[in-house]
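# Structure assessment
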Amino acid sequence: MDTAVKQSPEPPDASAPAAPAPSPAAYRNLAMATIGFALTFWAWNLIAPMSGDYKDRLQLSSFQQSFLVAVPVLVGSLGRIPVGALTDKYGAKLMFPLVSALTIVPVLLLIPAKNSYGAMIAVGFLLGLGGTTFAIGVPLVNSWFPPAKRGFALGVFGMGMGGVALSGYFTPRIAKHGDNLPFLVVAGALVVFALLAAVLVSDHPDRKIPTNTLVHRLGEAGKLRVTWELSALYAIGFGGIVAFGVYLPTYLKTWYEMSPTEAGTKAAGFALVTVVFRPIGGWLSDRIHPALVTSGALLLAALMAVVQAFEPPLNPVGTIALLAMAAGLGTASGSVFALVSQVTPQPKVGSVTGIVGAMGGLGGFVPPLVMGAIYSAKDSYAIGFMLLSDLALAGCVYAYGRMRNIQRDG
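Everything in this summary refers to the structure shown in the same document. Just so it is clear, the model here is predicted, and its values are computed rather than measured.

Parameters at a glance
- Residues numbered from 1 in each chain as written.
- Predicted model: local features only at pLDDT ≥ 70, side-chain atom pairs only at ≥ 80, totals over all residues.
- Heavy atoms only, no water.
- Axes fitted to C-alpha atoms, helices over the stretch in contact; angles between N-to-C directions.
- Helix = DSSP H or I, 4+ residues; strand = E, 2+ residues; numbered from the N terminus.
- Parallel < 35°, antiparallel > 145°, perpendicular 65-115°, else oblique.
- Left-handed = near helix turned anticlockwise from the far one by under 90°.
- Contact = heavy atoms within 4.5 Å.
- 1 Å grid on protein atoms, 1.4 Å probe; cavity = no way out; pocket = protein on both sides within 12 Å on 5 of 7 lines; lining within 4 Å.
- Points joined across faces, edges and corners; volume = space filled by probe spheres on them.
- Nonpolar A, V, L, I, M, F, W, Y, C, P; charged D, E, K, R; others polar.
- Expected span 1.5 Å × (residues − 1).
- Buried < 20%, exposed > 50% of the residue type's maximum accessible area, 1.4 Å probe, protein only.
- Arc of directions from axis to C-beta.
- Salt bridge = Lys/Arg side-chain N within 4 Å of Asp/Glu carboxyl O.
- Patch = residues over 30% accessible without salt bridge, like charges linked within 9 Å, V, L, I, M, F, W, Y side chains within 5 Å.
- Areas by Shrake-Rupley, 256 points an atom, 1.4 Å probe, with all protein chains shown as cover.
- Core = buried A, V, L, I, M, F, W, Y, C linked by side-chain atoms within 4.5 Å.
- Phe/Tyr/Trp six-rings, centres within 6.5 Å; stacked < 30°, edge-to-face > 60°.
- Lys NZ or Arg CZ within 6 Å of the ring centre and 35° of its normal.

## A few points about the packing of helix α4 (residues 62-90) against helix α6 (residues 117-127)
Two elements in contact, α4 and α6, have axes whose closest approach is 7 Å; the angle formed by their N-to-C orientations is 25°. Considered as vectors, α4 and α6 are oriented roughly parallel to each other. Once α4 is placed against α6, the crossing between them reads as right-handed. In this structure, α4 contributes Q64, F67, L68, V71, P72 and V75 to the contact, and α6 contributes Y117, M120, I121, G124 and F125.

Below is the structure:
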């Protein structure tokens, strides 16, 4: 399969008709997928904006606090693998409302669990389910849009990761009106979405349903070299976004001595920039090779991580560095999935998406733990930012040197 992917496509037939424009149903499904992605991501990230309160209430160490916010990331990431394969089999029309409805359970369980660290870890494990909807939305959107439009469409869908920004901004503010109110609000929103999704989400009529077992399909996806190459790039791009989404409030509160609300607001601004630049990455990838877009975006992120490693004052140097890093990571996360959509056979998109998405999420699981451990040991975050710079630079070089040889599939 990998050899076939590298082959140059046949010259386009000038007499061939232009690809049809996406249908209204395509845009309806794109809108529903994006909204659902945002809401479940908000649920997935409910613990992080409140982690400072949990640290004080439960008297947690920096590492315990980091582990608490990282658990949903780990489970949500690994969960994308089976959820993506199940979406290939059963379709997004079943999976989107089902997973959204099931996510309501751990959201509500956060209320009785808040006074026990063990209970919070257990509920955080269940809360990871909210992070799996990414692997439902990508094959849904991919099936409804023609290849020439997929990069931008997947970038728009990727804006749903703005649920992290929504959580960072609104969760602590809602909590001022009642400790349990954020969880009730998110649970109510998920109820409404699950009901609407059951009616408005529809699978493409030409969707190919795989007949092989889940294990076989995952094995076939795992045999593709590009699956793991894309996984590594996505672990840097999207993993960086997830890591900052869950750890930036802690970093800003600890290093720059901000209040939880102010830190959450600044973190939401970072997340918002990643959201805006993700469709830009997809849009650029529809026009030039997505590997070139990925390479340039990761280079920007690497340079800004070096700047932040020198621990500059937040205004203005730190703010500029963090926001530029967000732009680079957001662009890279959009361009990598534009590449996924181009080189993956449609029946395997869900399975490949699950694996790539899982690796991206796992890329976000490790850095908060590393940051917490480094700060506990060295009382500084500089080493952590230098490690991020090294990884982003390695991804930049690999994307340019190897991935730009992979051609479009049409």
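## A few points about the layout of surface pockets
Space inside the largest pocket adds up to approximately 330 Å³. Counting residues per element, the lining of the largest pocket draws most heavily on helix α12 (residues 225-255), which supplies 9 residues. For the lining of the largest pocket, a count of residues per class yields 16 nonpolar, 4 polar and no charged.

## As for helix α17 (residues 382-401)
The end-to-end C-alpha separation of α17 is 29 Å, in line with the 28 Å expected for 20 residues at 1.5 Å each. The set of residues buried in α17 consists of A382, G384, F385, L388, S389, A392, G395, C396 and A399. Along the axis of α17, the buried positions cluster into a sector of 155°, meaning they face one direction only. Opposite the packed face of α17, turned more than 90 degrees from it, sit the exposed residues L391 and V397.

## Some words on the pattern of salt bridges
Under the counting rule described, the total for this entry stands at 3 salt bridges. A salt bridge links E220 to K223, with the shortest nitrogen-to-oxygen separation between them at 3.3 Å. On the criterion of helical spacing, the pair formed by E220 and K223 is a turn pair, its members being 3 residues apart in helix α11 (residues 214-223). Residue classification places E220 among the partly exposed residues on the basis of a relative accessible area of 25%. Each of R225, E229 and R402 takes part in one network of salt bridges that share partners.

## Looking at empty space enclosed by the protein
Enumeration according to the criterion identifies 6 cavities of 30 Å³ or more in this entry. The calculated volume of the second largest cavity comes to roughly 100 Å³. Among the elements of the structure, α3 (51-58), α12 and α13 (260-285) are those that each provide at least two residues to the lining of the second largest cavity.

## Observations concerning a nonpolar patch on the surface
A grouping of Y90, L94, L98 and L102 is seen on the molecular surface, where their side chains present a nonpolar patch of about 380 Å² in accessible area. Relative to the elements of secondary structure, L94 occurs in helix α5 (residues 92-113). Given a relative accessible area of 44%, L94 falls into the partly exposed group.

## Details of the nonpolar core
Within the largest apolar cluster, 122 residues are counted, with the highest numbers of intra-cluster contacts made by V107, L230, F244 and M325. For this core, the element with the most residues is helix α15 (residues 314-343), which contributes 14 residues. Discounting residues that sit within four places of it in the chain, L230 has contacts with V336, L339, V340, V343, V356 and M403.

## Some points on the packing of helix α7 (residues 134-144) against helix α16 (residues 349-378)
Relative to each other, α7 and α16 sit at 140°, their axes nearing to 9 Å. Viewed along their axes, α7 and α16 adopt a mutual orientation that is oblique. Of the two elements, α7 crosses α16, and the hand of that crossing is right-handed. Judged by residue contacts, F134, A135, V138, P139 and N142 of α7 engage V349, G350, T353, G354 and G357 from α16. Classifying every residue of the contact of α7 with α16 by side-chain character gives 5 nonpolar, 5 polar and no charged.

## Details of the packing of aromatic side chains
Within this structure, the stated rule accounts for 15 aromatic pairs. Measuring from ring centre to ring centre gives 4.8 Å for F37 and F157, while their planes differ by 20°; the resulting arrangement is stacked. You can see F37 sitting in helix α2 (residues 24-44) and its partner F157 sitting in helix α8 (residues 147-158), a full 120 residues away along the chain. Both residues of the pair, F37 and F157, belong to the buried class. With a centroid separation of 6.2 Å and 40° between ring planes, the pair formed by F41 and F238 is classed as tilted. Residue F41 is found in helix α2, and its partner F238 is found in helix α12; the two are separated by 197 residues along the sequence. Taken as a pair, F41 and F238 share a single burial class, namely buried. Its guanidinium or amino end placed over the ring of Y169, R173 lies 4.0 Å from that ring's centre, counting from NZ or CZ.

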